Amino acid sequence: MSSGDKDAKGDRGAGTADDRRAKTLDQLMTVGREHSGVTVMFHSAVAAQQGLSATESKTLDLLQRFGPLTAKDLAERTGLAPASVTGLVDRLEGRGFVRRVKHPTDKRRVVVELNQEKIAELAVFFDDWARDVIEACEEFSTDELETVIRFLSVMSEQQRKAAARLSR
């Protein structure tokens, strides 16, 4: 192992590897809280522009990414209780963002699908942000970005589980 490898693993320098890891985890929690806060505020501001809550806005995002979903699917993906999902879909439908349609293969079931024309109105709020993200990513290597993707994927799944536990 080269001395650079030791530095990368935290085996050299001030303190032990355990101390460095503890400090790094503490910093991660602090930065994570900050990121969570600004993310909620950003999505709340975008949602407010259309008269939506952040939950309603993120539900539209789920439908955009995964296509039409049943209320049960939405409950599973959001971690919300089924009764909450019903009210959520009612509100989105009332504002013209979604519609309930018969399931394509099981006519007894209903799926919630996006009104694409109405959703297009939201895209303008994310265009500048998408450019900012791409620009900020320029300072990171592809390997670093892949690590961030892996980390965020794991954390998203953990948070989804935590939300589901809270909704029971």
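Refer to the structure above for everything that follows.
This text gives an overview of the structure that appears in the document. (Residues numbered from 1 in each chain as written. Predicted model: local features only at pLDDT ≥ 70, side-chain atom pairs only at ≥ 80, totals over all residues. Heavy atoms only, no water.)

1. Examining the environment of G79
Consideration 1: Mapped onto the elements of the fold, G79 is located in the loop between α4 (71-78) and α5 (82-94).
Consideration 2: The class of G79 is buried, set by a relative accessible area of 5%.
Consideration 3: Measuring from C-alpha to C-alpha, the distance between G79 and Q159 comes to 9.4 Å, with 80 residues separating the pair along the chain.
Consideration 4: When near neighbours in sequence (up to four residues on either side) are disregarded, G79 contacts L74, A163, A164 and S167. (Helix = DSSP H or I, 4+ residues; strand = E, 2+ residues; numbered from the N terminus. Buried < 20%, exposed > 50% of the residue type's maximum accessible area, 1.4 Å probe, protein only. Contact = heavy atoms within 4.5 Å.)

2. Brief notes about the pattern of salt bridges
Oppositely charged side chains can form a pair if their charged atoms are brought close together.
Consideration 1: According to the stated counting rule, one finds 11 salt bridges in the structure shown.
Consideration 2: For the salt bridge of K58 with D61, the shortest nitrogen-to-oxygen distance reads 3.7 Å. Of this pair, K58 and D61 both sit in helix α3 (residues 54-66), three residues apart, roughly one helical turn.
Consideration 3: Because the salt bridges share partners, they merge into one network encompassing E56, R91 and R95. (Salt bridge = Lys/Arg side-chain N within 4 Å of Asp/Glu carboxyl O.)

3. With respect to the packing of α4 against α5
Consideration 1: At a minimum axis distance of 9 Å, the contact between α4 and α5 shows a crossing angle of 110°. Judged by the angle between their axes, α4 and α5 are roughly perpendicular. α4 and α5 meet at a crossing whose hand is right-handed. On the side of α4, the interface is formed by A71, L74, A75 and T78, while α5 contributes P82, V85 and V89.
Consideration 2: A per-class count over the contact of α4 with α5 returns six nonpolar, one polar and no charged. (Axes fitted to C-alpha atoms, helices over the stretch in contact; angles between N-to-C directions. Parallel < 35°, antiparallel > 145°, perpendicular 65-115°, else oblique. Left-handed = near helix turned anticlockwise from the far one by under 90°. Nonpolar A, V, L, I, M, F, W, Y, C, P; charged D, E, K, R; others polar.)

4. Remarks on a nonpolar patch on the surface
Consideration 1: There is a patch of nonpolar side chains on the surface, built from L25, L28, V148, F151, L152, V154 and M155 and spanning about 560 Å² of accessible area.
Consideration 2: Taken together, the elements giving at least two residues each to the nonpolar patch come down to α2 (17-49) and α7 (142-167).
Consideration 3: Looking at the nonpolar patch element by element, the count peaks at five residues for α7.
Consideration 4: Inspection of the secondary structure puts L28 in helix α2.
Consideration 5: Judged by its relative accessible area of 36%, L28 is partly exposed. (Patch = residues over 30% accessible without salt bridge, like charges linked within 9 Å, V, L, I, M, F, W, Y side chains within 5 Å. Areas by Shrake-Rupley, 256 points an atom, 1.4 Å probe, with all protein chains shown as cover.)

5. Observations concerning the nonpolar core
Inside soluble globular proteins, nonpolar side chains tend to come together where they are buried.
Consideration 1: Within the largest apolar cluster, 17 residues are counted, with the highest numbers of intra-cluster contacts made by L60, L63, L74, L92, F97 and V98.
Consideration 2: At the level of elements, α3, α4, α5, β2 (110-114) and α6 (116-137) are the ones that each hand at least two residues to this core.
Consideration 3: Tallying contributions element by element places α5 first for this core, with four residues. (Core = buried A, V, L, I, M, F, W, Y, C linked by side-chain atoms within 4.5 Å.)

6. A look at a negative patch on the surface
Consideration 1: Together, E139, D143, E144 and E146 give the surface a local cluster of negative charge.
Consideration 2: Tracing the backbone shows E144 in helix α7. (Lys, Arg positive; Asp, Glu negative; His and termini not counted. Charge placed at Lys NZ, Arg CZ, Asp CG, Glu CD.)

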